[in-house]
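What the coordinates show
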Amino acid sequence: MSRPPVGPVFWLEQALAEEPGAACPPLTGTVRADVCIVGGGFLGLWTALEITEQAPDASVVLLDAEGCGFGASGRNGGWVTSWYDELDALLARFGPEQATWLADQSSAAIDRLEAFCEQEEIDCHLRRSGSLWTATAPAHLGVWDGPMRAARTVGREGVVQELDVAELRARTGSPAIVGGALVRDSAAIQPALLARGLRRVALRRGVRIFEGSPMRALGRGAPAVVTTSAGRVEAGRVVLALGAWAARLRELRRAVVPVGSHIVLTEPIPERIAELGWTGGELLGDTRLLVHYAQVTRDGRIAFGRGGGAIGPFGHVRPSHYVDPATVDVVAADFRRWFPQLADVGLTHAWGGAVDRAPGHLPFAGTLGDHETVHYATGFSGNGVGPSAFLSRILGRRALGLRDAFTDNALTHGPPGYLPPEPVRSLGGVVVRDAVRRAEGAEERGEAPGRVTGALRKLVWFTTPRAVEPRLWRRR
Ligand SMILES: Cc1cc2nc3c(=O)[nH]c(=O)nc-3n(C[C@H](O)[C@H](O)[C@H](O)COP(=O)(O)OP(=O)(O)OC[C@H]3O[C@@H](n4cnc5c(N)ncnc54)[C@H](O)[C@@H]3O)c2cc1C
């Protein structure tokens with residue numbers, strides 16, 4: 001089968017046709033605002049909306065380098081998920097009280113997203129049908145046991161439920177699945193339609209949005225100053241919602257790294273999907289590090305993606321994060337392995353994007369500089385569609401100087417750890433990623449990974465302590 005055109009993002013094409021929205025020309029001259037948000041993805045847009053809710057009189061400016069939703073937010077897999085599937089890890093890191101609060105808030109963010117779309121008439125094709133979190137190798141069976149046990153311990157029994165392999169195959173048609181669980185609170189969306197809908201509501205609430213306005217310089221003083229090529233914003237507070245681009249900030253260059261993720265999309269095949277039995281609207285994915293994620297679109301296509309792609313050296317988001325034909329071939333081959341019955345089905349689109357991967361795989365928020373005027377959050381690590389609605393409550397309230405459980409919690413102490421310095425990070429990253437690929441491939445063939453491969457793959461969790469580069473954390 002021939003390769004689809006690589007680059008055009010189906011979600012964005014559809015959303016811009018259905019909801020082009022008002023034009024937001026680039027910033028020129030000097031403007032003043034109470035809060036300037038840099039980045040118009042989900043995090044920046046939700047933060048703008050949080051501020052308009054908490055302080056309707058506050059003046060808010062939002063800048064985006066390209067257009068709202070043109071980053072990860074308009075090109076992701078549309079999985080809206082909570083952290084119940086990592087509750088055991090949250091418990092180990094933060095203890096029962098914080099872990100449960102964080103997981104509950106991440107789930108409440110999905111409820112909020114659903115209610116907001118209803119209230120504001122944003123039709124982002126939302127389906128609240130849960131996610132099927134499956135194993136494709138015997139070695140991956142039982143990954144869900146820890147989260148299920150943790151959920152029982154803290155009184156959240158049933159949020160993750162193991163399913164029989166026969167049921168999983170009947171509900172999806174994929175012979176690649178050998179076991180799995182249902183995570184009940186997940187939702188599927190068309191992400192770019194959500195991004196453009198949030199933009200519409202933000203504009204209606206008086207947020208001044210300037211697109212095509214990349215921040216060129218950031219003054220971390222009081223006021224904070226954001227400079228673009230043709231203008232500047234002087235603001236009481238700046239909020240950085242930069243996703244993977246946060247890796248270019250000097251304070252965060254070792255706390256987050258851009259990592260590629262690619263998606264292929266089939267032609268519309270509703271009858272074939274019905275034959276598979278995948279008619280319940282569930283998200284479908286696996287437990288691998290080089291994770292696969294899929295959903296069925298409203299017009300009966302399958303969007304099938306794979307994460308854990310190429311690292312951006314020195315914190316750069318590279319053109320190959322958007323368009324990488326070799327990676328597309330790999331994702332397409334994986335799709336056919338998951339659904340051999342669809343070998344003849346054409347792929348119409350393929351695209352990629354950059355994920356902001358951080359040690360600990362959870363987002364974190366903090367403050368840059370010495371004046372407490374610049375706030376940021378990043379590090380969603382490929383799970384930010386739902387959690388960005390939660391983190392926006394943290395950022396919006398911090399920017400307004402409020403103090404509550406949102407503004408001060410386990411995620412608001414800056415980076416939890418640091419990655420090795422360059423060029424070790426990029427070179428080592430290639431070796432470790434290849435080891436993960438080989439190990440997970442061997443496991444899917446029913447083989448044990450070699451000793452060296454097994455040891456190298458564990459380095460994916462390697463971080464260096466804060467003390468190694470004190471300059472970074474002192475200026476958090
Ligand atoms: C291919 C792919 C698949 C994914 N799948 C999922 C999924 O299924 N589920 C899930 O939960 N998460 C997924 N993610 C992650 C998820 O999309 C994000 O975590 C989430 O959308 C939050 O994004 P954000 O707002 O932090 O960043 P972004 O959406 O990337 O927004 C950052 C914005 O900052 C702007 N910007 C960058 N530099 C500057 C500058 N100098 N000046 C001004 N603006 C600037 C960019 O233009 C961009 O619009 C995926 C990501 C990718 C790439």
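Quick word on the nonpolar core
Core analysis: the biggest nonpolar cluster contains 82 residues, and Leu194, Leu198, Phe390 and Leu391 have the highest contact counts within it. When residues in this core are grouped by element, the largest group, 12 residues, is from helix H3 (residues 87-120). Apart from the residues lying within four places of it in its own chain, the contact partners of leucine 194 are Phe42, Leu113, Cys117, Ile122, Cys124 and Ile189. Val226, Leu242, Ala247 and Leu368 belong to the second-largest nonpolar core, a separate cluster that totals 28 residues.

Some remarks on the packing of aromatic side chains
Under the counting rule described, the total for this entry stands at 13 aromatic pairs. Geometrically, the ring pair formed by tryptophan 278 and phenylalanine 339 is stacked, given 5.9 Å between the ring centres and 15° between the ring planes. A residue pair is termed long-range when its members are at least 10 positions apart, and tryptophan 278 in the loop between helix H7 (270-276) and strand S13 (283-286) and phenylalanine 339 in the loop between helix H9 (325-338) and strand S16 (347-357) qualify at 61 residues. The pair formed by tryptophan 278 and phenylalanine 339 is uniform in burial state, with each residue classed as buried.

Points about the sheet that holds strand S5 (residues 160-163)
In space, the eight strands of this open sheet follow the order S5-S6-S4-S13-S14-S15-S12-S16, with mixed pairing throughout. Edge positions in the sheet fall to S5 and S16, since each has one partner strand and no second. Between one strand and the next, the sheet's axes are offset by a mean angle of 20°, whatever the strand orientation. Bridge analysis of S13 against strand S14 (residues 292-296) gives two bridges, and the strand direction is antiparallel. Paired with glycine 285 across the strands is tyrosine 293, a residue of S14.

Considerations on the domain arrangement of the protein chain
As far as domains go, the protein chain holds domain 1 (126-188 + 257-355) and domain 2 (424-474). Of note, the centres of domain 1 and domain 2, computed from C-alpha atoms alone, are 22 Å apart. Between domain 1 and domain 2, the contact holds 18 residues from the first and 11 residues from the second. For the pair domain 1 and domain 2, the summed buried surface comes to about 1,200 Å²; carbon and sulfur atoms form 57% of the total. Taken as a group, Leu289, Leu290 and Ile311 account for 38% of the area that domain 1 buries against domain 2, more than any other trio of residues on that side. Counting across the domain 1 and domain 2 interface gives three salt bridges. Arginine 288 is the partner of glutamate 444 in a salt bridge, and the nearest nitrogen-oxygen pair spans 3.3 Å. Summed over the shared surface of domain 1 and domain 2, the result is eight residue pairs in polar contact (both at pLDDT 80 or more). Considered class by class, the residues forming the side of domain 1 that touches domain 2 number 10 nonpolar, five polar and three charged.

Rules behind the numbers
Residues numbered from 1 in each chain as written. Predicted model: local features only at pLDDT ≥ 70, side-chain atom pairs only at ≥ 80, totals over all residues. Heavy atoms only, no water. Core = buried A, V, L, I, M, F, W, Y, C linked by side-chain atoms within 4.5 Å. Buried < 20%, exposed > 50% of the residue type's maximum accessible area, 1.4 Å probe, protein only. Helix = DSSP H or I, 4+ residues; strand = E, 2+ residues; numbered from the N terminus. Contact = heavy atoms within 4.5 Å. Phe/Tyr/Trp six-rings, centres within 6.5 Å; stacked < 30°, edge-to-face > 60°. Pairing = 2+ DSSP bridges. Axes fitted to C-alpha atoms, helices over the stretch in contact; angles between N-to-C directions. Domains from an automatic or database assignment. Buried area = accessible area lost by both parts, 1.4 Å probe. Salt bridge = Lys/Arg side-chain N within 4 Å of Asp/Glu carboxyl O. Polar contact = N/O pair within 3.5 Å; in protein donor to acceptor, adjacent residues only side chain to side chain. Nonpolar A, V, L, I, M, F, W, Y, C, P; charged D, E, K, R; others polar.

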